[in-house]
Amino acid sequence: MAILVCGGAGYIGSHTVKELVSTYEVVVLDNLTTGFEHLIDERADFVKGDLGDRAILDEIFTTHSIDAVFHFAANSLVGESVENPLKYYRNNVSATLVLLEKMIEHGVKRFIFSSTAATYGIPDTDVITEETSTNPINPYGRSKLMIEQILADIACVHDFQYIVLRYFNAAGAHESGEIGESHDPESHLIPIVLQHLMGQRDKISVFGTDYNTSDGTCVRDYIHITDLARAHILSYEGMANGKIANKTYNLGNGAGYSVNEIIDTCQQVSGKQATVEYAPRRAGDPATLVASSNKITDALGWTPVYDLQAIIGSAWAWHSK
Ligand code: UDP
């Protein structure tokens, strides 16, 4: 039995593939628009193509005995989704519908879906549980919530099970040092700070210093990429063993760190001094996003292993390589 990883050349997908290949046969489908082929572990079979390509999906589902699909392939930039909503609804919603139709047609019945804290919008609580109301404030968050709702409808009428994983801020690099976080262009805080500390950027811009937080900068919950990857595998195995089905889980560390605290920790880990400029708020940023992940801990025993120092330490090790 094999696992199809859609988006396995991206940051979170490639780290999950690396964890999967020691136990499972893995097929990666990725069109390489935002992913990189060199991130895919060589033990996986790689198919270059689009998620919405029916012929490619037919080929994969007929030539491999696929037991589950892990679906990471998506566009994920909030600002871009506001400027180009059709791109987000086409790639994140329409293409996923083709994948789901093909799964149903070929009798593939297990699905792990990458979702996001952006489904919560601007929450009315500091610690977010899965019961916190969802009210996304941008097309990216809406595109993910739409698929969540579609999954629930499908599971009512088809022999089909799913787990939705709502990520908070994924960060860090694989302990092998072989793969890490790299986007082009890069918009995420930790890689931007580390690139600056390595001399690849002139300065860091802190977006907003007047938020209602301890130091005025935004607070986020950073979770190590390998902790995320492990949660996917546990979710799959929990479904395959009949323990869980059709659930939604938050994935975070349960601790919030401000932008200033992240910069401080990056300075400590690297031993280098940053040049910081204070800039206006970035559109669409909620002040605080911190997860409660108690639900997946109770269901599957998942707990994050990496704390902030270890997350940034692993990212620094990879960036300095
Ligand atoms: N941020 C920042 N400067 C940057 C990049 C990000 O101040 O160059 C802030 C951003 O406004 C947010 C936090 O860092 O409050 C985390 O941003 P990131 O893009 O890494 O993740 P997000 O929370 O948006 O998913």
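About the thresholds
Residues numbered from 1 in each chain as written. Predicted model: local features only at pLDDT ≥ 70, side-chain atom pairs only at ≥ 80, totals over all residues. Helix = DSSP H or I, 4+ residues; strand = E, 2+ residues; numbered from the N terminus. Rg over C-alpha atoms; globule rule 2.2 N^0.38 Å. Buried ≥ 20, exposed ≤ 12 C-beta atoms within 10 Å, placed from the backbone. Near = placed C-beta within 6 Å. Nonpolar A, V, L, I, M, F, W, Y, C, P; charged D, E, K, R; others polar. Pairing = 2+ DSSP bridges. Expected span 1.5 Å × (residues − 1). Arc of directions from axis to C-beta. Axes fitted to C-alpha atoms, helices over the stretch in contact; angles between N-to-C directions. Contact = placed C-beta atoms within 7 Å. Core = buried A, V, L, I, M, F, W, Y, C linked by C-beta atoms within 7 Å. Right-handed = clockwise from strand over helix to strand, strands pointing away. Parallel < 35°, antiparallel > 145°, perpendicular 65-115°, else oblique. Left-handed = near helix turned anticlockwise from the far one by under 90°.

K.L.:
With reference to specific residues and values, describe the overall build of the chain.
P.N.:
When you go through the chain residue by residue, the secondary structure sums to ten helices and 15 strands. Against the compact-globule benchmark of 20 Å for 321 residues, the chain has a radius of gyration of 19 Å, which places it among compact chains. Projected onto the principal axes, the alpha-carbon positions of the chain cover approximately 55 × 40 × 40 Å. Each of the 321 residues in the chain was classed as buried or not, and the buried ones make up 48%.

K.L.:
An account of the site of the ligand is requested, with residue identities and associated values reported.
P.N.:
Taken together, 14 residues lie near the ligand, and H188, L189, F207, C218 and R282 sit nearest. Mapped onto the shell around the ligand, the elements with two or more residues apiece are α6 (189–197) and β9 (204–207). With four residues, the top contributor of residues to the shell around the ligand is β9. By residue class, the composition of the shell around the ligand is seven nonpolar, four polar and three charged.

K.L.:
So, the pairing of strand β4 (residues 66–71): which residues are in play, and what are the values?
P.N.:
Judged by how many residues are buried, β4 sits mostly within the fold: five of six residues are covered. In this structure, strand β1 (residues 2–6) lies alongside β4, joined through five bridges in parallel fashion. When the sheet's bridge partners are listed, L4 is paired in β4 with V69. Where β4 meets strand β5 (residues 110–116), three bridges bridge the pair, whose relative direction is parallel. Residue pairing across strands places F70 opposite I112, the latter belonging to β5.

K.L.:
I'd like to hear about helix α8 (residues 259–270), residue by residue, with values.
P.N.:
The end-to-end C-alpha distance of α8 is 17 Å, a good match for the 16 Å that twelve residues give at a rise of 1.5 Å each. Of all the positions in α8, only V259, I262, I263, T265, C266, V269 and S270 are classed as buried. One side of α8 carries all its buried residues, which in axial view fall inside an arc of 165°. Looking one or two places after α8, you find G271, whose phi comes out positive at around 70°.

K.L.:
Describe the sheet that holds β4, naming the residues involved and giving the relevant values.
P.N.:
Within a sheet, adjacent strands bond to each other through the backbone by hydrogen bonds, running parallel or antiparallel. Strand order in the open sheet formed by seven strands is β3-β2-β1-β4-β5-β7-β12, with parallel pairing between adjacent strands. Strands at the two margins of the open sheet, each flanked by one partner only, are β3 (45–48) and β12 (247–251). Sheet twist, expressed as the mean angle between neighbouring strand axes with direction ignored, is 20°. Relative to β12, strand β7 (residues 161–167) runs parallel, the two being bridged by five bridges. Directly across from Y167, in β12, lies its bridge partner L251. Helix α5 (residues 139–157) rests against β5, β7 and β12 of the sheet, and its axis sits at about 155° to β5.

K.L.:
Which residues make up the sheet that holds strand β6 (residues 127–128), and what values do they have?
P.N.:
Pairing within the open sheet is mixed, and its four strands lie in the order β6-β15-β10-β13. Two strands bound the open sheet, and with one partner strand each, they are β6 and β13 (257–258). When strand β10 (residues 219–220) meets β13, the two strands line up antiparallel, connected through two bridges. Considered in β13, the bridge of V219 is made with S258.

K.L.:
Break down the nonpolar core for me, citing the residues and quoting the values.
P.N.:
Core analysis: the biggest nonpolar cluster contains 92 residues, and V28, V69, V193 and L251 have the highest contact counts within it. Setting aside its immediate chain neighbours within four residues, V28 contacts V5, G8, A9, V17, I40, A44, D45, F46 and V47.

K.L.:
Kindly report on the environment of D30, identifying the contributing residues and their values.
P.N.:
With respect to the element layout, D30 can be found in strand β2 (residues 25–30). Sequence spacing of D30 and F72 is 42 residues, and the spatial spacing of their C-alpha atoms is 9.5 Å. Residues within four places of D30 in sequence aside, it is in contact with G7, G8, A9, G35, K48 and A73.

K.L.:
Can you lay out the pairing of β1 for me, pointing to particular residues and giving the numbers?
P.N.:
Where burial is concerned, most of β1 is hidden: four out of the five residues are buried. Pairing between β1 and β2: five bridges, direction parallel. Bridge pairing in β2 places L4 opposite V27. Remark: the β1/helix α1 (residues 11–20)/β2 crossover connection has right-handed handedness.

K.L.:
Can you tell me about the environment of S22, naming the residues and giving the values?
P.N.:
Along the polypeptide, S22 turns up in the loop between α1 and β2. Exposure remark for S22: the 8 C-beta atoms within 10 Å place this residue in the exposed category.

K.L.:
Account for the packing of α8 against helix α10 (residues 308–320), with residues named and values stated.
P.N.:
Two elements in contact, α8 and α10, have axes separated by 10 Å at closest approach and are oriented at 60°. Between α8 and α10, the angle is such that the two are oblique. The handedness of the crossing between α8 and α10 is right-handed. Contacts from T265, C266, V269 and S270 in α8 reach L308, Q309, I312, G313 and W316 in α10. A breakdown of the residues in the contact of α8 with α10 according to their chemical character gives five nonpolar, four polar and no charged.

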